[in-house]
Amino acid sequence: PDEELQVNETLKELWLGENQITAPGAKSLADALTPMKNCKCNLQKLSLLNNTIGDKGAEHLAKALKKNQFLTELRLNHNSINQRGGKSLASALERNANLETLTLCNNNFPKDVCKTIKDAWG
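On a predicted model such as this, the values are computed, not experimentally measured, just so you know.

Undergrad: I'd like a description of the sheet that holds strand E1 (residues 13-15), backed by residues and values.
TA: The parallel open sheet is built from four strands, whose spatial order is E1-E2-E3-E4. Both outer strands of the open sheet, E1 and strand E4 (101-103), are each paired with one neighbouring strand and no more. Ignoring which end each strand starts from, the neighbouring axes of this sheet average 0 degrees apart. By the bridge criterion, three bridges tie strand E2 (residues 45-47) to strand E3 (residues 73-75) in an arrangement that is parallel. Opposite Ser-47, over in E3, you have Arg-75 as the bridge partner.

Undergrad: So what about the nonpolar core? Which residues, and what values?
TA: Counting 32 residues, the largest nonpolar core has Leu-33, Leu-71, Leu-74, Leu-76, Ile-81, Leu-89 and Leu-104 as the members making the most contacts within it. Elements that contribute at least two residues to this core include exactly helix H2 (23-33), helix H3 (54-65), helix H4 (83-93) and helix H5 (111-121). Of the residues forming this core, the biggest block, five residues, is contributed by H3.

Undergrad: Please set out H5 residue by residue, giving values where relevant.
TA: Note on helix geometry: an α-helix contains 3.6 residues per turn, so any two residues three or four positions apart are oriented the same way. Of all the residues in H5, the buried ones are Val-113, Ile-117 and Ala-120. Looking straight down H5, one finds that the buried residues subtend no more than 65 degrees of arc, so they occupy a single side. Facing away from the buried side of H5, by more than 90 degrees, are the exposed residues Lys-111, Lys-115 and Lys-118. Where the residues of H5 are buried, they touch H4.

Undergrad: Give a detailed account of the packing of H3 against H4, specifying residues and quantitative values.
TA: A pair of packed helices can be characterised by two numbers: the angle between their axes and the separation between those axes. Here H3 crosses H4 at 5 degrees, and the two axes come no closer than 8 Å. Between H3 and H4, the crossing angle belongs to the class labelled roughly parallel. Of the residues in H4, those in contact with Asp-55, Lys-56, Ala-58, Glu-59, Ala-62 and Leu-65 of H3 are Gln-83, Arg-84, Gly-85, Ser-88, Leu-89 and Ala-92. Its residues assigned to classes, the contact of H3 with H4 shows five nonpolar, three polar and four charged.

Reading the values: the criteria
Residues numbered from 1 in each chain as written. Predicted model: local features only at pLDDT ≥ 70, side-chain atom pairs only at ≥ 80, totals over all residues. Heavy atoms only, no water. Pairing = 2+ DSSP bridges. Helix = DSSP H or I, 4+ residues; strand = E, 2+ residues; numbered from the N terminus. Axes fitted to C-alpha atoms, helices over the stretch in contact; angles between N-to-C directions. Core = buried A, V, L, I, M, F, W, Y, C linked by side-chain atoms within 4.5 Å. Buried < 20%, exposed > 50% of the residue type's maximum accessible area, 1.4 Å probe, protein only. Arc of directions from axis to C-beta. Contact = heavy atoms within 4.5 Å. Parallel < 35°, antiparallel > 145°, perpendicular 65-115°, else oblique. Nonpolar A, V, L, I, M, F, W, Y, C, P; charged D, E, K, R; others polar.

Written out as structure tokens, the structure is:
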């Protein structure tokens, strides 16, 4: 699936809420979101609402966000993301200037991680 997204020039939004996506699925999506040479991907919005990507899945997505410059919206509500995943996302936000919307409601990280994410957002 990651190869198809890398060459797809028309898909702008992908909504995968409530699809039982776990960390390995998030890794596949993260691989697709990591720009490669000659990448033609135009995906701007990705929703993974109500899945269970957890910390590991959030870490995979965060790694991709550090390099991705075309995604403007990422929805990760209800994904069992804890402190480690929240910190990874905060670190990615420091390097990504294009992401305009990130939703993380109903995950499990503490208030200090929420503050770290907010501060990283700028």
